[in-house]
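Commentary on secondary and tertiary structure
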There are 2 protein chains.
Amino acid sequence: MTEPLTAQLQSWRQRCETQLQTRLTPRDGATARLHEAMRYSALAGGKRLRPILVYCTGTALAADLGRLDDAATAVELLHVYSLVHDDLPAMDDDDLRRGRPTCHKAFDEGTAVLVGDALQALAFEVLAGHAASALNAAARLQQMQVLAEAIGTEGMAGGQAIDLAAVGQRLTPSALENMHRRKTGALIRASVLLGAIGAGTTAGARYDALSRYGSELGLAFQIQDDVLDVLGETATLGKVAGADAARGKPTYPSVLGLAESQRLARAHCDQAVAALKELGEAASLLAQLADYVVNRSH
Amino acid sequence: MTEPLTAQLQSWRQRCETQLQTRLTPRDGATARLHEAMRYSALAGGKRLRPILVYCTGTALAADLGRLDDAATAVELLHVYSLVHDDLPAMDDDDLRRGRPTCHKAFDEGTAVLVGDALQALAFEVLAGHAASALNAAARLQQMQVLAEAIGTEGMAGGQAIDLAAVGQRLTPSALENMHRRKTGALIRASVLLGAIGAGTTAGARYDALSRYGSELGLAFQIQDDVLDVLGETATLGKVAGADAARGKPTYPSVLGLAESQRLARAHCDQAVAALKELGEAASLLAQLADYVVNRSH
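Residues numbered from 1 in each chain as written. Chains lettered and ligands numbered in written order. Predicted model: local features only at pLDDT ≥ 70, side-chain atom pairs only at ≥ 80, totals over all residues.

A few points about the overall build of chain A
Summing up its helical and strand segments, chain A has 15 helices and 2 strands in all. Along the first, second and third principal axes, the C-alpha set of chain A runs to 50 × 45 × 35 Å. Classification of the 298 residues of chain A by burial places 56% in the buried group. (Helix = DSSP H or I, 4+ residues; strand = E, 2+ residues; numbered from the N terminus. Buried ≥ 20, exposed ≤ 12 C-beta atoms within 10 Å, placed from the backbone.)

Structure follows, in structure tokens:
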């Protein structure tokens with residue numbers, strides 16, 4: 001990772017933290033515990049890849065950061081909600097997330113269900129908010145539509161349903177790709193598109209190119225996640241290494257082997273970068289970001 | 001209930017069913033089971049009170065029904081999502097809903113979590129949709145903001161968190177009212193406001209009057225629900241009568257007694273009707289609807 005990219009990622013990550021802190025203030029009273037559990041889950045660090053993609057795409061298209069904050073916040077809130085629900089006993093039954101007990105372990109299962117529900121609602125509340133809106137209503141509506149589709153049955157929730165049904169099954173490579181594109185890829189692609197829409201690029205060749213970039217990057221990211229689940233150490237990952245294999249979940253390494261999975265992650269990353277040609281030099285940070293995603297160790 | 005109201009409710013209910021059928025078509029492939037579970041939960045009948053409130057409010061303000069369909073569909077999708085999650089073992093642990101096994105009983109717990117998640121996303125997708133939109137973008141954004149607030153920590157999810165923590169506790173009447181206003185009242189009030197916004201009434205004295213109407217009606221509805229939980233028979237309710245009391249949940253009858261609860265339901269209904277004075281004769285069906293809510297037997 002080059003020095004300028006490192007510094008830039010850190011700056012965007014910090015901006016995302018500030019936004020999340022603003023949206024997730026502690027509360028007294030009857031819902032204090034719910035708010036505490038939402039803060040516990042959302043303010044536990046993390047890569048913040050999705051908000052970074054909003055900022056990186058938007059600034060590549062010359063948008064002010066202030067026009068991107070709400071979208072960046074919304075995609076991260078949705079990502080955190082999905083983690084909290086995925087970790088539930090009825091889903092992946094995970095005890096550890098980002099090096100700490102998962103939400104239902106630290107609080108309780110009912111609270112974890114509500115944390116996810118409330119974070120999803122908050123994401124749409126943030127995007128719909130009128131106050132100090134730097135974006136026009138049509139652009140905000142388009143962002144909400146892209147986002148709602150990305151997390152629905154055609155996207156994240158559908159992918160998770162396929163994942164749930166796939167435990168102990170042997171998936172074909174194309175079924176596995178379909179699952180990953182929906183479960184992880186759809187929200188990553190949406191993050192890129194929300195940045196574009198925030199910059200006023202709502203259709204056309206550059207919008208389509210960014211859609212391809214986001215789609216390929218999302219798949220590369222999830223394949224690399226599968227690879228790290230095999231290669232990584234628990235301490236570095238912040239979650240239990242080898243957990244997918246232990247649960248009998250089909251992963252890229254289990255279906256295609258480790259070497260082929262690493263090759264595929266690289267190939268999809270290359271396709272993501274190739275799609276950026278349409279944007280010229282402005283997209284150089286997006287290309288570096290793609291390399292970072294595939295070369296990361298956690 | 002007067003004859004014209006009965007016929008009108010049936011017509012709106014039928015319109016809502018048609019809209020839901022359109023939005024929840026069966027699918028083949030990897031997510032077939034998720035779609036089947038969504039249809040099982042959303043197309044099981046029910047009072048459809050919330051969409052009826054959208055239609056009743058909107059038409060009182062002279063809106064075409066076509067301008068109200070998306071909002072009516074969205075509020076019902078959100079209501080169904082809340083029922084599916086509330087029924088989960090980690091929440092109310094209910095086996096029966098609308099006379100049939102609850103979603104997690106008929107399918108499985110992981111699927112029920114995803115059904116709720118996907119229905120929430122679908123509600124926002126419906127409202128954000130551009131195609132054939134009869135409403136301008138600003139009005140749709142306002143609808144989404146009202147709705148997102150109504151189901152978040154200040155509304156439904158917050159109310160459910162209070163409910164979860166209240167099992168076995170003795171709540172004060174004002175704490176109980178706070179819980180009910182959030183858990184049930186907020187979405188009922190939002191349904192009224194979405195109808196108003198759909199009719200172009202986005203602020204002002206009539207908007208405020210309808211907000212009061214929705215707020216009081218929502219509370220009256222939930223008190224009556226508590227009363228029916230004591231009085232009703234399982235067959236008529238379609239859920240297990242006396243279930244709240246058996247779980248040690250604080251209810252209006254358990255805190256204030258049955259007679260006082262019935263008096264309060266009536267009083268809040270009267271306040272709802274009083275708020276309608278601002279709208280004159282146009283609101284007569286809304287007034288009848290309030291009476292229907294408090295006099296219903298299921």
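A few points about unusual backbone geometry
All names here are of chain B. One non-glycine residue with positive phi stands out, namely Ala-62, at about 70°. By the element assignment, Ala-62 lies in the loop between α3 (49-60) and α4 (69-86). Given 10 C-beta atoms within 10 Å, Ala-62 falls into the exposed group. Unlike most non-glycine residues, Arg-98 shows phi in positive territory, near 50°. Structurally, the position occupied by Arg-98 is in the loop between β1 (96-97) and β2 (100-101).

Considerations on the relation of the copies chain A and chain B
With an RMSD of 0.0 Å, the fit of chain A onto chain B corresponds to turning through 180° and sliding 0.0 Å along the axis. Classification of the inter-copy transformation places it as that of a two-fold axis. Identified as the residue of chain A closest to the rotation axis by C-alpha distance is Ala-137 of chain A, at 2.8 Å. A shared interface surface links the copies, since 100% of the contact residues of chain A are contact residues in chain B too. (Least-squares fit on C-alpha atoms with pLDDT ≥ 70 in both. Contact = placed C-beta atoms within 7 Å.)

Side note on the interface of chain A and chain B
Tallying the contact residues gives 44 residues for chain A and 44 residues for chain B. Listed by contribution, the elements that provide at least two residues to the side of chain A that touches chain B are α2 (32-42), α6 (109-128), α7 (137-151), α8 (156-166) and α9 (173-198) of chain A. Among the elements that make up the side of chain A that touches chain B, the one with the highest residue count is α6 of chain A (13 residues). A breakdown of the residues in the side of chain A that touches chain B according to their chemical character gives 24 nonpolar, 14 polar and 6 charged. (Nonpolar A, V, L, I, M, F, W, Y, C, P; charged D, E, K, R; others polar.)

A look at α7 of chain A
The end-to-end C-alpha distance of α7 of chain A, which contains 15 residues, comes to 21 Å, matching closely the 21 Å that a straight helix rising 1.5 Å per residue would cover. Taking burial as the measure, the 15 residues of α7 of chain A include 13 buried ones, the bulk of the element. (Expected span 1.5 Å × (residues − 1).)

Remarks on the packing of helix α3 (residues 49-60) of chain A against helix α4 (residues 69-86) of chain A
Residues and elements named next belong to chain A. With their axes 8 Å apart at the nearest point, α3 and α4 run at an angle of 160° to one another. One way to sum up the angle between α3 and α4 is to call them roughly antiparallel. Relative to α4, the crossing made by α3 is right-handed. When α3 is examined against α4, the residues Arg-50, Pro-51, Val-54 and Tyr-55 are found in contact with a partner set consisting of Ala-71, Ala-72, Val-75, Glu-76 and His-79. In terms of residue class, the contact of α3 with α4 is built from 6 nonpolar, 1 polar and 2 charged. (Axes fitted to C-alpha atoms, helices over the stretch in contact; angles between N-to-C directions. Parallel < 35°, antiparallel > 145°, perpendicular 65-115°, else oblique. Left-handed = near helix turned anticlockwise from the far one by under 90°.)

Examining the packing of helix α10 (residues 205-231) of chain B against helix α15 (residues 284-295) of chain B
Residue and element names in this part refer to chain B. Two elements in contact, α10 and α15, have axes whose closest approach is 9 Å; the angle formed by their N-to-C orientations is 20°. Taken together, the axis directions place α10 and α15 in an arrangement best described as roughly parallel. Regarding α10 and α15, the two cross each other, and that crossing is left-handed. Only Leu-286, Ala-290, Val-293 and Val-294 of α15 make contact with α10, whose side of the interface consists of Tyr-213, Leu-217, Ala-220, Phe-221 and Gln-224.

Considering α3 of chain A
In this model, α3 of chain A (12 residues) spans 16 Å end to end at C-alpha, consistent with the 16 Å of a helix rising 1.5 Å per residue. Once α3 of chain A finishes, Ala-62 of chain A follows within two positions and takes phi at roughly 70°, a positive value.

Here's the deal with the environment of Ile-188 of chain A
You can see Ile-188 of chain A is positioned in helix α9. Measuring from C-alpha to C-alpha, the distance between Ile-188 of chain A and Gln-21 of chain A comes to 22 Å, with 167 residues separating the pair along the chain.

Observations regarding the environment of Gln-271 of chain A
Here Gln-271 of chain A is to be found in helix α14 (residues 258-275). For Gln-271 of chain A and Leu-217 of chain A, which are 54 residues apart along the polypeptide, the C-alpha to C-alpha distance reads 8.2 Å.

Overview of the confidence of the model for chain A
Put simply, chain A has an average pLDDT of 92, and 93% of its residues get 70 or more. Mean pLDDT across the elements of chain A ranges from a minimum in helix α11 (residues 234-237) of chain A, with 58, to a maximum in α4 of chain A, with 98. (pLDDT = per-residue confidence, 0-100.)

Some points on the environment of Ser-284 of chain B
Structurally, Ser-284 of chain B is set in helix α15. Among the residues examined, Ser-284 of chain B registers 15 C-beta atoms within 10 Å and is labelled partly exposed.

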